[in-house]
Amino acid sequence: MDILFVALIAVLASGLTLFSGFGLGTILMPAFALLMPVEVAVGATALVHLANNLFKLELVGRKADARVLLRFAVPAALAAILGASLLVGLSDLPTITAWAAFGNEYRIEALPLAIGTLIMIFALLELSPAFARLKFPARLLPLGGLISGFFGGLSGNQGAFRTAFLIKAGLTKEAFIATGVVAAVIVDATRLSVYGLSHLARNFAALTPDVWTVVGVATLSAFLGAFIGSRILTKVTMRGVQITVALTMVALGLGLATGLI
């Protein structure tokens, strides 16, 4: 039942993130955290996220704009190193506090608190009409890469700012999605090299066959979600998908920050 739950989450999140530019890692990491230690969940999620973006790269990557990528993705990769390094430091901090309710004890720790708080902030930004209308001029693409890459490395939430900066780059919808996918692959590979493999290596004993089974099922399910999403690319509205994912992010972020997840 747990594996079926993760598979369903991966299919839905992967399909949504093809359009919104965010969602898979944000939604999948809490689901993984229900089945394995948070430190392992972070690394496992990074593996699925990178594999899924590589699959999407095959589906739509050929339409990416190389000129925009050079100005945006290179700064994003550099900033992702800083964000991911900060996240590694947060994961080593002790429990902040604990609280009890209905006979259960919940611990508030620095890593889930930071990620959960950022998830809620980005969700509220996505729900804000003012932020939805926010579009930065193309000359600020390098700055957008730095901001998007830093938060992508820290929490996986890179899509909100990436959208705000890429939307004014003069791209078609197909090129916009493809360029975002390529940029996401670059940031994912960077953050995975900094903290994904680090967490997996330090928690190698926790990588039981059951964990690898969950990772494998989630990866294949994410592929399916991306494939389905690519087939309905012209039949959905980006704003509607962003609102759906944002509402889910609020609930998940609150659960992480308070120790419920």
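Residues numbered from 1 in each chain as written. Predicted model: local features only at pLDDT ≥ 70, side-chain atom pairs only at ≥ 80, totals over all residues. Heavy atoms only, no water.

With that settled, consider the overall build of the chain. When you go through the chain residue by residue, the secondary structure sums to 11 helices and two strands. Listing the helices and strands of the chain from first to last along the sequence gives α-α-α-α-β-β-α-α-α-α-α-α-α. For the chain, the proportion of its 261 residues judged to be buried stands at 52%. Nonlocal contacts in the chain, meaning residues at least 24 apart in sequence, comprise 81% of its contacts between residues at least 6 apart. (Helix = DSSP H or I, 4+ residues; strand = E, 2+ residues; numbered from the N terminus. Buried < 20%, exposed > 50% of the residue type's maximum accessible area, 1.4 Å probe, protein only. Contact = heavy atoms within 4.5 Å.)

At their nearest, the axes of helix H4 (residues 66–91) and helix H7 (residues 141–155) sit 5 Å apart, and the two run at 30° to each other. The angle between H4 and H7 falls in the class roughly parallel. Crossing angle aside, the handedness with which H4 passes H7 is right-handed. Its residues placed into classes, the contact of H4 with H7 shows 16 nonpolar, six polar and one charged. (Axes fitted to C-alpha atoms, helices over the stretch in contact; angles between N-to-C directions. Parallel < 35°, antiparallel > 145°, perpendicular 65-115°, else oblique. Left-handed = near helix turned anticlockwise from the far one by under 90°. Nonpolar A, V, L, I, M, F, W, Y, C, P; charged D, E, K, R; others polar.)

Quick look at the environment of Leu171 now. Relative to the assigned elements, Leu171 resides in the loop between helix H8 (159–166) and helix H9 (173–202). Here the alpha-carbon distance between Leu171 and Lys63, two residues 108 residues apart in the chain, equals 10.0 Å. Those residues in contact with Leu171 that sit more than four places away from it in its chain are Asp65, Val68, Leu166, Phe176 and Thr179.

Once that is clear, we can look at the pairing of strand E2 (residues 104–109). Where strand E1 (residues 95–101) meets E2, six bridges bridge the pair, whose relative direction is antiparallel. Looking at the pairing, Ala100 lines up with Glu105 of E2. If you look at the hairpin formed by E1 and E2, you'll find two residues sitting between the two strands, and Phe102 has a positive phi there, around 55°. (Pairing = 2+ DSSP bridges.)

Turning next to the side chain of Thr190. With respect to the helices and strands, the residue Thr190 is situated in helix H9. At a separation of 2.9 Å, a polar atom in the side chain of Thr190 contacts the main-chain carbonyl oxygen of Ile186. Excluding anything up to four places from it in sequence, Thr190 contacts Ala77, Ala80 and Ile81. (Polar contact = N/O pair within 3.5 Å; in protein donor to acceptor, adjacent residues only side chain to side chain.)

Before going further, it helps to examine the nonpolar core. The biggest cluster of nonpolar side chains holds 28 residues, and the ones touching the most others in it are Val68, Phe72, Leu87, Leu141, Leu166 and Leu171. At the level of elements, helix H3 (38–60), H4, helix H5 (110–127), H7, H8 and H9 are the ones that each hand at least two residues to this core. Top element by residues in this core is H9. It accounts for seven residues. The residues touching Phe72, leaving out its near neighbours within four places in the chain, are Leu141, Gly144, Gly145, Ser148, Arg162, Phe165, Leu166 and Ala183. Of all hydrophobic cores here, the second largest spans 13 residues; its members include Leu28, Ala41, Val48 and Ala218. (Core = buried A, V, L, I, M, F, W, Y, C linked by side-chain atoms within 4.5 Å.)

Function cannot be read off these values alone, since they describe shape.
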